[in-house]
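# Working through the structure, step by step
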Amino acid sequence: MAENSSPPHSSPTTYREKLWPAWWIWVVTLGLGGTAAVAFMPIGIRWGIVAGVIALGLIAFALIMSTPTIEIDEHNVRVGRASIEREFVGEVTGYRGAAAYHQRGPGLNGIAFMCLRGWIDPVVRIEITDERDATPYWITSTRRPEELTAALGGLMVQYREVPQSDEADTPASPDNSAETESA
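Let us look at the structure shown here. Small disclaimer: the values here were computed from a predicted structure and weren't measured.

## A closer look at the overall build of the protein chain
Each helix and strand counted, the protein chain has six helices and nine strands in total. Considering only contacts in the protein chain between residues 6 or more positions apart, those separated by 24 or more positions represent 66%. Summing over all exposed atoms, the protein chain offers an accessible surface of approximately 12,500 Å²; the carbon and sulfur share of this is 58%.

## Comments concerning the sheet that holds strand S9 (residues 155-156)
Taken in spatial order, the five strands line up as S6-S8-S7-S5-S9 in an open sheet, and their pairing is mixed. Looking at strand neighbours, the two that pair on one side only are strand S6 (113-115) and S9, the edges of this open sheet. Together, strand S5 (89-95), strand S7 (123-128) and strand S8 (137-141) form the strand contacts of helix H3 (residues 97-104), whose direction differs from that of S7 by roughly 50 degrees.

## Overview of H3
Buried residues of H3: Ala99, Ala100 and Gln103, and no others. What you see down the axis of H3 is that its buried residues fit within an arc of 100 degrees, all on one side. Buried-residue contacts for H3 involve S5, S7 and S8.

## Details of the pattern of salt bridges
Note that side chains of opposite charge can pair when their charged atoms are close. Applying the stated rule across the entire model yields six salt bridges. Among the salt bridges present, the one from glutamate 146 reaches arginine 96, with a minimum N-O distance of 2.9 Å. Residue glutamate 146 is found in helix H4 (residues 145-151), and its partner arginine 96 is found in the loop between S5 and H3; the two are separated by 50 residues along the sequence. Judged by its relative accessible area of 38%, arginine 96 is partly exposed. Among the ionic contacts, a cluster of salt bridges with common partners joins Arg16, Glu71 and Arg78.

## Things to note about the sheet that holds strand S3 (residues 76-79)
The antiparallel open sheet is built from four strands, whose spatial order is S1-S2-S3-S4. Looking at strand neighbours, the two that pair on one side only are strand S1 (13-18) and strand S4 (82-85), the edges of this open sheet. Strand-to-strand twist of the sheet, defined as the mean angle between neighbouring strand axes without regard to direction, takes the value 5 degrees. Direction of pairing for strand S2 (residues 69-73) relative to S3: antiparallel, over a ladder of three bridges.

## A closer look at the nonpolar core
Judged by nonpolar contacts, the single largest core of 20 residues is most densely connected at Ile72, Val77, Ile84, Ile126, Trp138, Leu148 and Leu152. Among the secondary structure elements, those contributing two or more residues to this core are S2, S3, S4, S5, S7 and H4. Contact partners of leucine 152, with chain neighbours within four places excluded, come to Ile72, Val77, Arg86, Val92 and Ile126. Ala112, Val123, Tyr137 and Ile139 belong to the second-largest nonpolar core, a separate cluster that totals seven residues.

How each quantity is defined
Residues numbered from 1 in each chain as written. Predicted model: local features only at pLDDT ≥ 70, side-chain atom pairs only at ≥ 80, totals over all residues. Heavy atoms only, no water. Helix = DSSP H or I, 4+ residues; strand = E, 2+ residues; numbered from the N terminus. Contact = heavy atoms within 4.5 Å. Areas by Shrake-Rupley, 256 points an atom, 1.4 Å probe, with all protein chains shown as cover. Pairing = 2+ DSSP bridges. Axes fitted to C-alpha atoms, helices over the stretch in contact; angles between N-to-C directions. Buried < 20%, exposed > 50% of the residue type's maximum accessible area, 1.4 Å probe, protein only. Arc of directions from axis to C-beta. Salt bridge = Lys/Arg side-chain N within 4 Å of Asp/Glu carboxyl O. Core = buried A, V, L, I, M, F, W, Y, C linked by side-chain atoms within 4.5 Å.

Printed below as a string of structure tokens:
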């Protein structure tokens, strides 16, 4: 069995983003470390401090290690642990606001690959065209949906809500109809 002795050449990255936790997640982490410290204070102050530092360290480590990366080069697309060749990437669409909410909620296909973070609102939907893959698309949170969609040759959705008229949808109340009949 022959081994490839040449070093693997990596393609230049055209897009890279780490989906770091929001600032308030770190504040919650500090609070949880403080809670652990207070819980162990009755045993002893040293125990409380040690427990708080250990809890803070473990939570911070878990947050850092679970932070996914979105990376695109000329041959591959990688979102978190998932990776696919660019030849199998179809239509790419970015969403913000209400359209992003719809993609993450009511419009979500249950068998899609999801890399969603609750603290990041915009999402990008990446269609998968590989016939051997049952996953219809990937959906990922991103802080820079315009750049991500551009890197994959996609488009951003411009979503505008249509204002609803309250007068046309509201039937006449019984009090108003009685007044118009007696007049």
